[in-house]
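Below, each chain spelled out in residue letters.
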Amino acid sequence: MLVSLFICPLCQSPLQPAADTWRCDGSLNPKKTAHPFDVARQGYVNLLPVQQKKSKAPGDSQASIEARKRFLNAGHYQPLQALICQKMAELLVKDELISKQKSKPVNWLDIGCGEGYYTQAMAQTGMDTIIAADISKPAVVELAKANKATHSLWYQKEVTVDAKLAEGSKTAVIYPLVTSAAHLPLRKHSINGISSIFSPILPTAFNDVLTSKGYLIIAKPDAGHLSAVREALFDDVREHDSDKFLQDLAPYFTLLNTYNVSTELTLSADDLADLLTMTPYAYRARSEKKQALLASVVTEKFATEAKFIVYVMQKTVIV
Ligand SMILES: C[S@@+](CC[C@H](N)C(=O)[O-])C[C@H]1O[C@@H](n2cnc3c(N)ncnc32)[C@H](O)[C@@H]1O
Ligand SMILES: [Zn+2]
């Protein structure tokens, strides 16, 4: 049997997945007792202890998740999804991580996965397992439901984790987890790559769980992202601060490459309403400005440009 990828969020002992209840072995628990974590009916596991919750319902709300799901499934950000997956597949092939002779599974963590628009596509790039992790329970519920329906969850494919290695199957096994990026319930040096798509970036936590030379893929809005929307909402348009986080990552990661993705959007009133609900800065806009913007789109579609930047980084080997 493979060594478990997971550790207990309460006592850090090895945590063994199972179809009904995950249990730690209690070896690092002073009381030496095991902690159980039930698998929810939708197929996810909640590994966020109450003491790590900073609010009653942390992370994105049900309403923003539903809006994002509609907007993303309409394909508006498909070029970004394609670029991320292409780069991921190239990294995996380059390292021969998915060569037929490999003996170890390739594990990927998608942190702040939301309802899984990007995660779903990542699962087709050649890795064996994807840990789809988010602090928002409604987001993970959505992701788990969708993957349960396609039989992609770990317990639906349990026998195939080993078999997959042999047969070279293309779709990864998915583990949907409610967890905080700051307290990842993952064994040290067990993860080959992490993606953080518009999501939190925690340099030391990422460094701890990544294998030597593990990858980090980050997507962020680029300068000029949705500028027509921001001009309509704010008198004073501030630019996105795209690369301040790079300084924090510098002690652990080397930047291999950056990629810019631009895409012209032509949005209906419904698309725009969803975009405003899923976009954090829209909360700051005055409600009259939002109403005026939405009213202007009733007769004519709204044109704007989405601009993203993708950073591909690699854990620096300390010599
Ligand atoms: C802007 S959304 C991006 C979601 C998804 N990656 C996408 O692009 O569609 C950011 C996500 O990060 C999650 N999040 C925020 N803080 C987090 C934390 N500390 N740990 C894990 N996830 C977090 C939110 O719940 C939300 O789903
Ligand atoms: Zn435990």
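Within each chain, residue numbers correspond to sequence positions counted from 1 in written order. To read the labels, note that chains go from A and ligands from 1, taken in the order they are written. Only residues with pLDDT of at least 70 get local features here, since the model is predicted, and only at 80 or more are side-chain atom pairs given and counted; chain-wide, interface and lining totals rely on the full set of residues.

Novice: Where do I start with the domain arrangement of the chain in this structure?
Specialist: How big an interface is tends to be stated in terms of accessible area lost as the parts join. Segmentation of the chain into domains, including their bounds, is taken from an automatic or database domain assignment. Each assigned domain of the chain is listed with its residue range as follows: domain 1 (1-38) and domain 2 (42-224 + 236-262 + 308-315). When each unit is reduced to the centre of its C-alpha atoms, the spacing between domain 1 and domain 2 is 23 Å. The interface of domain 1 with domain 2 comprises 13 residues on the first partner and 13 residues on the second. In this classification, the charged set is Asp, Glu, Lys and Arg, the nonpolar set is Ala, Val, Leu, Ile, Met, Phe, Trp, Tyr, Cys and Pro, and all remaining amino acids, among them Gly, are polar. When its residues are assigned to classes, the side of domain 1 that touches domain 2 shows 12 nonpolar, one polar and no charged. Any pair of residues counts as being in contact when their C-beta atoms, constructed from backbone geometry, are within 7 Å of one another.

Novice: Would you mind going over the site of ligand 1 with me for this structure?
Specialist: As a structural note, the neighbourhood of ligand 1 is formed by 20 residues, with Gly59, Gly112, Gly114, Ser136 and Ala181 the closest of them. Per-class residue counts for the shell around ligand 1 are 11 nonpolar, six polar and three charged. Any residue whose backbone-placed C-beta atom lies within 6 Å of a molecule or strand is treated as near that molecule or strand.

Novice: Honestly, unusual backbone geometry in this entry has me stumped. Any pointers?
Specialist: Only a minority of non-glycine residues have a phi that is not negative, and only a minority of peptide bonds are not trans. Its identity is not glycine, yet Lys32 carries a phi of approximately 60 degrees, on the positive side. At Phe198, a position not held by glycine, the phi torsion is positive, near 55 degrees. Helix and strand definitions here come from DSSP, where helices need a minimum of 4 consecutive H or I residues and strands a minimum of 2 consecutive E residues; each element is numbered from the N-terminal end. Counting through the fold element by element, Phe198 comes out in the loop between strand 9 (191-197) and helix 6 (203-209).

Novice: Is there a simple way to explain the sheet that holds strand 3 (residues 21-24) in this structure?
Specialist: Through backbone hydrogen bonds, the strands of a sheet pair up, either in parallel or in antiparallel fashion. At least two bridges found by DSSP between two strands is the condition for calling them paired. With antiparallel pairing, four strands are arranged side by side in an open sheet as 1-2-3-4. If you trace the sheet from one side to the other, it starts and ends with strand 1 (6-7) and strand 4 (36-38), each paired once. As paired strands, strand 1 and strand 2 (residues 14-16) are joined by two bridges and run antiparallel to one another. Its bridge partner lying in strand 2, Ile7 is registered against Pro14.

Novice: Would you take a moment to explain the pairing of strand 8 (residues 173-178) for this structure?
Specialist: Consecutive residues of a regular strand have side chains that alternate between opposite faces of the sheet. Think of it as a crowd count around each C-beta: if 20 or more other C-beta atoms lie within 10 Å the residue is buried, if 12 or fewer it is exposed, and in between it is partly exposed, with C-beta placed from the backbone throughout. Taking burial as the measure, the six residues of strand 8 include six buried ones, the bulk of the element. Burial along strand 8 is two-sided: the face carrying Val173, Tyr175 and Leu177 and the face carrying Ile174, Pro176 and Val178 are both buried. Across two bridges, strand 5 (residues 45-46) lies against strand 8 in parallel orientation. Directly across from Val45, in strand 8, lies its bridge partner Leu177. Note that strand 7 (residues 129-134) and strand 8 share six bridges and pair parallel. Within strand 8, the position partnered with Ala132 by the bridge is Pro176.

Novice: Whenever I open this one, the environment of Ser190 confuses me. Can you help?
Specialist: By the element assignment, Ser190 lies in the loop between strand 8 and strand 9. The class for Ser190 is buried, based on 21 C-beta atoms found within 10 Å. Taking the C-alpha atoms as reference points, Ser190 and Glu115, 75 residues apart in sequence, are found 24 Å from one another. Each residue touching Ser190, except ones within four places of it in the same chain, is listed here: Leu5, Asn107 and Val209.

Novice: Teacher, can you tell me more about the sheet that holds strand 5 here?
Specialist: Read from one edge to the other, the open sheet built from eight strands follows the order 5-8-7-6-9-10-12-11, with strand pairing classed as mixed. Both edges of this open sheet fall to strand 5 and strand 11 (253-267), since each of them pairs with a single strand only.

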